[in-house]
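One letter stands for each residue in the lines below.
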Amino acid sequence: MKTGTRLEAPDGGWGILVCIGMAMPFVSGLAALPSFGLVFGDFLKSIGAETSAIGFITSAFFFSFSFAGLFSGSLFNRFGLRNIGIFGGFLYFGGSVLQIFVTSTIGLIFAFSLIQGVGFGLIVPTSYTTFNNYFVKKRIMWMSFSQSLIGLGSMFYPVLMQKFLEWYGFRGCLMVLAAINSHAILGMLLMQPVEWHMREVPCTDEEMQHLDRTEPQPEKITETRKPSIKVNQDKNHLSVSTSSIGPRKLSVHMMEKLSSRCSSIASLGNWSGPMVVSDASPEMLNIIGSRRASTVVSGKSHSSISKNEKPRSKWQIVVDFLDLTLLKKPIYVNIVLGISFALYSDIAFFTLQPLYMFELGFNRPDTASIIAIGAAADLGSRIFLAFLAVFIQVPSRYIYLAGSFFTVLSRFVFLHVFDFKGMAIITAVMGFLRTWIHVPLPLIFAEYLPKERFATGYGLFMFMQGNVMFAIGPFVGYLRDMTKDYILTFHCLNFFMGLCAFPWIIEIIYLKFRRRGKIQANCS
């Protein structure tokens, strides 16, 4: 009987440590911004730069974060994924150490906004790209697990910062915070290449049948008893050794079919038809396509560059370096803009909610209790999503779409609730839905983009998201300051959340009818 083996992502094993390593810097990185005023508020007040400085410093952090993400993909290709992540970890830790000695706003902008912002901007795509390489069938479950750790740490982060300020003072608290942030380096050290931990599994009968249909012209019989998949010297073919036949040459066209079936990464639909997300060994990736391969892997062999070919222009070099050709894909642009609007709406809404509740007459203990209820619901939703993913496989973009759509509806209810019980219930609902906006985010890009373009695609998203937030952030702030009306501001934020949900729904309907029209045209 013919047998063969193939390599697939571990979907566990060392990947669990990757999840933990991702959570380490994310806890301090994501929780630092909401607690920034808590830690540095008195210091900034002492130098006469309280409120305005906080807004500028956090905005500068997002700018550095998004700018570093833009170049992350190209840096990965040149220096390696793990190396850039470790470098980002050192930058993030170094920025924390420099904060201990700051005496002015400029020093804080340099240490926190620039150094830590760039470091965190390199850590995020490193973590998500490594996670994407390790997990295939159980992505949502393990992402929810990692996000649950992040949510749990974020809940206790402000409490710990308050205690550290009481016990050790401002400088002492920053020293402890630097020690905590040093775990970002450890987290990035855990981002080992997936090739070190690939699993060897037997090929199924269906996969072997695909091999049988190829040209049976063995050059010589191999004596290797252990079945394996090896690469022939001819880059357009793959040698597959089995226990009863010699190596057979597999054409690239058949390699595409095999990779889509034999791969452990499911060929998830990208809303415009099936796509091949290659998850093969590094040798297979070299065969199937280069980093600039299109969404569906081309079956053409790599031809040599013509001597008469004109040199690329400077603009073309920039386009290739940053992979800006992704902006020609309407679906990718729709994904990026939708998520960017939704994230800004979410962050701004929960930032203004306590101020709105104070205006309604809620005292600080009641407001803190309601916010804590929302955070607990968020954590519970992350755990729920992890267990749900074990039994039901739902595309991440559907989850995100449902979260944004129902968030729009729940916010309309929120604006008509004024008592403690009702406010606690609707805040819990919004906290539960908030998970559906944050957890599936990187998985949407992992499902849409080929693995070799994920890093550049996600980095480009980070850059565009930062620019969207810079563009609409001042507008919403100006609207609130001029009108003094929270209701109008919340309606504006709800409109931005709707810019995620409704264009995506229109895209689904349009593509559905277009596919139906093509099917009818082919049948007629």
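Residues numbered from 1 in each chain as written. Predicted model: local features only at pLDDT ≥ 70, side-chain atom pairs only at ≥ 80, totals over all residues. Heavy atoms only, no water.

Engineer: Summarise the packing of helix H13 (residues 364-391) against helix H15 (residues 420-438); cite the residues concerned and give the values.
Structural biologist: Across the interface, H13 lies against H15 with an axial gap of 7 Å and an inter-helix angle of 35°. Between H13 and H15 lies a crossing of right-handed hand. Together, Asp 366, Ser 369, Ile 370, Ile 373, Gly 374, Ala 377, Asp 378, Ser 381, Arg 382, Phe 384 and Leu 385 of H13 and Phe 420, Met 423, Ala 424, Thr 427, Ala 428, Gly 431, Phe 432, Arg 434, Thr 435 and Trp 436 of H15 make up the contact between the two elements. Residue classes in the contact of H13 with H15 are distributed as eleven nonpolar, six polar and four charged. (Axes fitted to C-alpha atoms, helices over the stretch in contact; angles between N-to-C directions. Helix = DSSP H or I, 4+ residues; strand = E, 2+ residues; numbered from the N terminus. Left-handed = near helix turned anticlockwise from the far one by under 90°. Contact = heavy atoms within 4.5 Å. Nonpolar A, V, L, I, M, F, W, Y, C, P; charged D, E, K, R; others polar.)

Engineer: Describe a nonpolar patch on the surface, naming the residues involved and giving the relevant values.
Structural biologist: Residues Leu 152, Met 155, Phe 156 and Leu 160 make up a contiguous nonpolar surface patch of roughly 340 Å² in combined accessible area. Structurally, Leu 152 is set in helix H6 (residues 139-181). (Patch = residues over 30% accessible without salt bridge, like charges linked within 9 Å, V, L, I, M, F, W, Y side chains within 5 Å. Areas by Shrake-Rupley, 256 points an atom, 1.4 Å probe, with all protein chains shown as cover. Salt bridge = Lys/Arg side-chain N within 4 Å of Asp/Glu carboxyl O.)

Engineer: Would you mind going over the side chain of Thr 129 in detail, with residue names and values included?
Structural biologist: Along the chain, the position of Thr 129 falls in helix H5 (residues 105-134). Since its relative accessible area comes to 7%, Thr 129 is described here as buried. (Buried < 20%, exposed > 50% of the residue type's maximum accessible area, 1.4 Å probe, protein only.)

Engineer: Hey, could you go over the side chain of Asn 334 for me, with residue numbers and the actual values?
Structural biologist: Summarising the element assignment, Asn 334 is placed in helix H12 (residues 330-360). Within the structure, the side chain of Asn 334 is placed 2.5 Å from the side chain of Glu 507, a separation counted as a polar contact. When neighbours within four sequence positions are excluded, Asn 334 is seen to be in contact with Arg 397, Pro 503, Trp 504 and Glu 507. (Polar contact = N/O pair within 3.5 Å; in protein donor to acceptor, adjacent residues only side chain to side chain.)

Engineer: Requested: an account of the nonpolar core, with residues and values cited.
Structural biologist: In terms of nonpolar packing, the biggest core is built from 88 residues, with Tyr 332, Ile 339, Tyr 400, Phe 445, Tyr 458 and Phe 461 touching the most fellow members. Element by element, the count of residues in this core is highest for H6, at twelve residues. With near-sequence residues (within four places) excluded, Tyr 458 lies in contact with Val 124, Pro 125, Tyr 128, Leu 441, Pro 442 and Phe 445. Listed in part, the 27 residues of the second largest apolar core include Phe 341, Leu 352, Ala 424 and Leu 493. (Core = buried A, V, L, I, M, F, W, Y, C linked by side-chain atoms within 4.5 Å.)

Engineer: Before we move on, can you summarise the packing of aromatic side chains with the specific residues and values?
Structural biologist: Within this structure, the stated rule accounts for 38 aromatic pairs. On the numbers, 5.7 Å between centres and 45° between planes, the contact of Phe 384 with Phe 432 is tilted. Of the two residues, Phe 384 sits in helix H13 while Phe 432 sits in helix H15, which places them 48 residues apart along the sequence. On the basis of relative accessible area, Phe 432 is assigned to the partly exposed category, the value being 29%. An aromatic cluster of three or more residues is present, and its members are Phe 26, Phe 61, Phe 65, Tyr 92, Phe 112, Phe 120, Tyr 128, Tyr 332, Phe 445, Phe 454, Tyr 458 and Phe 461. Positioned over the ring face of Phe 349 is Arg 411, at 4.3 Å from the centre of the ring. We note Arg 434 situated over the ring of Phe 350; from NZ or CZ to the ring centre the distance is 4.4 Å. (Phe/Tyr/Trp six-rings, centres within 6.5 Å; stacked < 30°, edge-to-face > 60°. Lys NZ or Arg CZ within 6 Å of the ring centre and 35° of its normal.)

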